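# Examining the three-dimensional arrangement
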Amino acid sequence: MISSPISGPTPDPISDPISDPAEALRVLLEGNVRFVDGSPEHPNQDAGRRAALAPAQKPFAVLFGCSDSRLAAEIIFDRGLGDLFVVRTAGHVTGAEALGSIEYGVAVLDCPLVVVLGHDSCGAVAAALESLEQGRLPGGFVRDVVERVTPSVLSARAAGIEDPDAIVDEHIRQTVDLLVERSQLLAARVAEGRVAVVGLSYRLRDGQARTVAVRGVEHPGLD
């Protein structure tokens, strides 16, 4: 395990790519603080950055988030072109395509950080709760999403958790564990200290991303 530095200069991910998981987490969370405070810097969003990235990309984090339209990753973490390798599904449910995309970001692009981003008032979690209460699953491929969220809901209820937003946090934790358990690549790199997998819960009203799960990096303030 490695400690997360509290502050420091932000490196240029092209000329000085971030390779340390703790540093990557720090840069990401500091961007969220700027977004919450209403003082974003909008880095790496100009024509020069666009041209510099044309030959290759070197993102410092894989962002695996819910598809909710209010979770635009580069905005809420105040980042720009080439910073984040973003994978999104409804309820951040994990199928083969999502897991393969995440492994690509780690194995090929060498990202040192994988973030699972959930949020309060999650429609996928609400649908799974409703399905359990009514004993009826939705039709089409939405059913697959609900079925993949349901184990997290059952786990939360088994632990006595009833609040929907607390169930979201449990779903984030379950997703973090699932990624490391299913992917030998992620498990190996976490064990080596080369990658961290972190779960963040985003509050829609104030824009804050709160840490709820960590594998591979120590984070001050996490209960």
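Every chain is numbered on its own, with residues counted from 1 as its sequence reads. Where local features are concerned, this predicted model is filtered to residues with pLDDT of at least 70; where side-chain atom pairs are given and counted, the filter is 80 or more; whole-chain, interface and lining totals use all residues. Working from all heavy atoms in the structure, the side-chain values ignore hydrogens and water.

## So, the overall build of the protein chain
What counts, and what does not: Where helices and strands are cited, they refer to DSSP runs of H or I of at least four residues and of E of at least two residues respectively, numbered from the N terminus. Here the term buried applies to any residue with accessible area under 20% of the maximum for its type, exposed to any over 50%, and partly exposed to those in between, with areas from a 1.4 Å probe on protein chains only. Computed by Shrake-Rupley with a 1.4 Å probe, the accessible areas treat only the displayed protein chains as cover when residues are assessed.
From N to C terminus, the protein chain includes 8 helices and 5 strands. Mapped from its N terminus to its C terminus, the protein chain presents α and β elements in the order α-α-β-α-β-α-β-α-α-α-α-β-β. Each of the three principal axes of the protein chain carries a C-alpha extent, and together these read 55 × 40 × 35 Å. Residues counted as buried form 48% of the 223 residues belonging to the protein chain. For the protein chain, the computed accessible surface area is about 10,500 Å², with 52% contributed by carbon and sulfur atoms.

## Some details on helix 5 (residues 123-134)
Just so we agree on the cut-off: One less than the residue count of a helix, multiplied by 1.5 Å, gives the span that helix is expected to have. Only heavy atoms matter for contacts: two residues are in contact if any of them lie within 4.5 Å across the pair.
Over its 12 residues, helix 5 runs 16 Å from end to end, which matches the ideal 16 Å to within 8%, given 1.5 Å per residue. Elements in contact with the buried residues of helix 5: helix 6 (142-158) and helix 7 (164-182).

## Structural notes on the nonpolar core
Formally: For our purposes a nonpolar core is just a set of buried Ala, Val, Leu, Ile, Met, Phe, Trp, Tyr and Cys residues, chained together by side-chain atoms within 4.5 Å.
By size, the foremost hydrophobic cluster in this structure holds 36 residues, and its most contacted members are Ile102, Val114 and Leu179. Of the residues forming this core, the biggest block, 6 residues, is contributed by helix 7. Once residues within four sequence positions are removed from consideration, Leu179 is found in contact with Phe64, Thr94, Leu99, Ile102, Val114, Val116, Leu186 and Val197.

## Considering the side chain of Asp120
Short version of the rule: Counting rule applied: Lys, Arg positive; Asp, Glu negative; His and chain ends not counted. Think of a salt bridge as a Lys or Arg side-chain nitrogen and an Asp or Glu carboxyl oxygen that are within 4 Å of each other.
Along the chain, the position of Asp120 falls in the loop between strand 3 (113-119) and helix 5. Of the buried charged residues, Asp120 lacks a salt bridge, with Arg203 as the closest side chain of opposite charge at 6.1 Å. Residues in contact with Asp120, not counting those within four places in the same chain, are Asp165, Tyr202, Arg203 and Leu204.

## Re the sheet that holds strand 5 (residues 209-215)
Sheet strands associate in pairs through backbone hydrogen bonding, adopting either a parallel or an antiparallel arrangement. Which entries qualify depends on this criterion: Pairing between two strands is assigned when DSSP locates at least 2 bridges connecting them. Inter-axis angles, ranging from 0 to 180 degrees, are taken between N-to-C directions of lines fitted to C-alpha atoms, where helices are fitted over the stretch in contact.
The strand order across the open sheet formed by 5 strands is 2-1-3-4-5, and the pairing between neighbours is mixed. The sheet terminates laterally at strand 2 (84-89) and strand 5, the two strands that pair on one side only. On average, each strand axis in the sheet is tilted by 20 degrees relative to the strand beside it, whichever way the strands run. Where helix 1 (residues 21-37) meets the sheet, its contacts fall on strand 2, strand 3, strand 4 (196-202) and strand 5, and the angle it forms with strand 3 comes to roughly 35 degrees.

## Topic: the pairing of strand 1 (residues 61-66)
The buried count for strand 1 comes to 6 of 6 residues, which makes it a mostly enclosed element. Looking at chain direction, strand 1 and strand 2 are connected through 6 bridges and run parallel. In the sheet register, Leu63 faces strand 2, and the bridge partner there is Val86. By the bridge criterion, 4 bridges tie strand 1 to strand 3 in an arrangement that is parallel. When the sheet's bridge partners are listed, Leu63 is paired in strand 3 with Val115.

## Things to note about the state of the cysteines
Using the following cut-off: Note on terminology: pairs of cysteine sulfur atoms within 2.5 Å are recorded as disulfides.
If you walk through the whole model with that rule in mind, you get 0 disulfides. As a non-bridged cysteine, Cys66 has Cys122 as the owner of its nearest cysteine sulfur, 4.5 Å distant.

## A closer look at the packing of helix 6 against helix 7
Packed helix pairs are characterised by how far apart their axes lie and by the angle those axes make with each other. Formally: Throughout, a crossing is termed right-handed when the near helix is turned clockwise from the far one, and left-handed when it is turned anticlockwise from it by less than a right angle. Any residue that is not Ala, Val, Leu, Ile, Met, Phe, Trp, Tyr, Cys, Pro, Asp, Glu, Lys or Arg is counted as polar, Gly included; the first ten are nonpolar and the last four charged.
At a closest axis distance of 9 Å, the pairing of helix 6 and helix 7 adopts a crossing angle of 115 degrees. Between helix 6 and helix 7 lies a crossing of right-handed hand. Packed against helix 6, whose contacting residues are Arg148, Val149, Ser152, Val153, Ser155 and Ala156, the element helix 7 presents Ile167, Glu170, His171 and Gln174 at the interface. Grouping the constituent residues of the contact of helix 6 with helix 7 by class yields 4 nonpolar, 4 polar and 2 charged.

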